[in-house]
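The chain contents come next:
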Amino acid sequence: QVQLVESGGGLVVAGASLRLSCVASQRSFNSWIMGWFRQAPGKEREFVAAIHRNGATIDYADSVKGRFTISRDNAKNTVYLQMNNLKPEDTAVYYCAADVGYVLRTEVRSYEYWGQGTQVAVSS
């Protein structure tokens, strides 16, 4: 059974930084494309960032480009999301997800496994 466990969320003021982590329970982590998504109250879950197996291909939502950085450590079965210069509109529950496919995608439906989420709240 695949388990993804996120951590690192919290309440911060605008302009602050947070680093989210997501640890996978299986060694097959290094064969998965990993993504971060977020869902704000009353809104649909949306793509934030994704990284291919070897880290060579990365994609970001336009709203976070230049502020967020996704990375992975396959030896630790962990994917990270470094979030800098946080804004109130970044407030959401952040989820990591795994895609067992071969092409980096941004759609929620493309990801097979999901974590339980970690709350990020940014005050103005």
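Details of the structure are given in the entry above.
What you are looking at is a predicted structure, and each value in this text was computed from that prediction instead of being measured. (Residues numbered from 1 in each chain as written. Predicted model: local features only at pLDDT ≥ 70, side-chain atom pairs only at ≥ 80, totals over all residues. Heavy atoms only, no water.)

Participant: I'm lost on the overall build of the protein in this one. Help?
Facilitator: Looking only at helices and strands, the protein features zero helices and 11 strands. Going from the N terminus to the C terminus, the protein shows its helices and strands as β-β-β-β-β-β-β-β-β-β-β. By residue count, 45% of the 124 residues in the protein fall in the buried class. Considering only residue pairs separated by 6 or more positions, the protein has 59% of its internal contacts joining residues 24 or more positions apart. For the protein, the distance from the average position of its 13 positive side-chain charges to the average position of its 11 negative side-chain charges is 5 Å. (Helix = DSSP H or I, 4+ residues; strand = E, 2+ residues; numbered from the N terminus. Buried < 20%, exposed > 50% of the residue type's maximum accessible area, 1.4 Å probe, protein only. Contact = heavy atoms within 4.5 Å. Lys, Arg positive; Asp, Glu negative; His and termini not counted. Charge placed at Lys NZ, Arg CZ, Asp CG, Glu CD.)

Participant: Quick question: what am I supposed to make of the environment of Trp32 here?
Facilitator: Its place among the elements puts Trp32 in the loop between β3 (18-24) and β4 (33-39). Once the C-alpha coordinates of Trp32 and Ala97 are considered, the two residues, 65 residues apart in sequence, prove to be 9.5 Å apart. Every residue in contact with Trp32, bar those within four places of it in the chain, is listed here: Val2, Leu4, Ala24, Gln26, Arg53, Arg72, Ala98, Asp99 and Val100. Among the polar contacts listed, one links the side chain of Trp32 to the backbone oxygen of Ser28, at a separation of 3.5 Å. (Polar contact = N/O pair within 3.5 Å; in protein donor to acceptor, adjacent residues only side chain to side chain.)

Participant: Quick question: what am I supposed to make of the pairing of β4 here?
Facilitator: Along any regular strand the residues' side chains alternate between the sheet's two faces. By the criterion of burial, β4 is predominantly enclosed, with six of the seven residues buried. Examined bridge by bridge, β4 and strand β9 (residues 92-99) share seven bridges and lie antiparallel to one another. Each bridged residue has a counterpart across the sheet, and for Phe37 the counterpart in β9 is Tyr95. Hairpin remark: β4 followed by strand β5 (residues 46-51), antiparallel, with six residues in the connecting loop; positive phi at Gly42, about 80°. (Pairing = 2+ DSSP bridges.)

Participant: What's the story with the nonpolar core in this structure? I'm lost.
Facilitator: A general trend in soluble globular proteins is that nonpolar side chains are found buried together. Membership of the largest hydrophobic core comes to 37 residues, with the highest contact counts inside it found for Leu4, Met34, Trp36, Leu81, Met83 and Tyr94. At the level of secondary structure, the elements contributing two or more residues to this core comprise β3, β4, β5, β7 (68-73), β8 (78-83), β9 and β11 (118-123). (Core = buried A, V, L, I, M, F, W, Y, C linked by side-chain atoms within 4.5 Å.)

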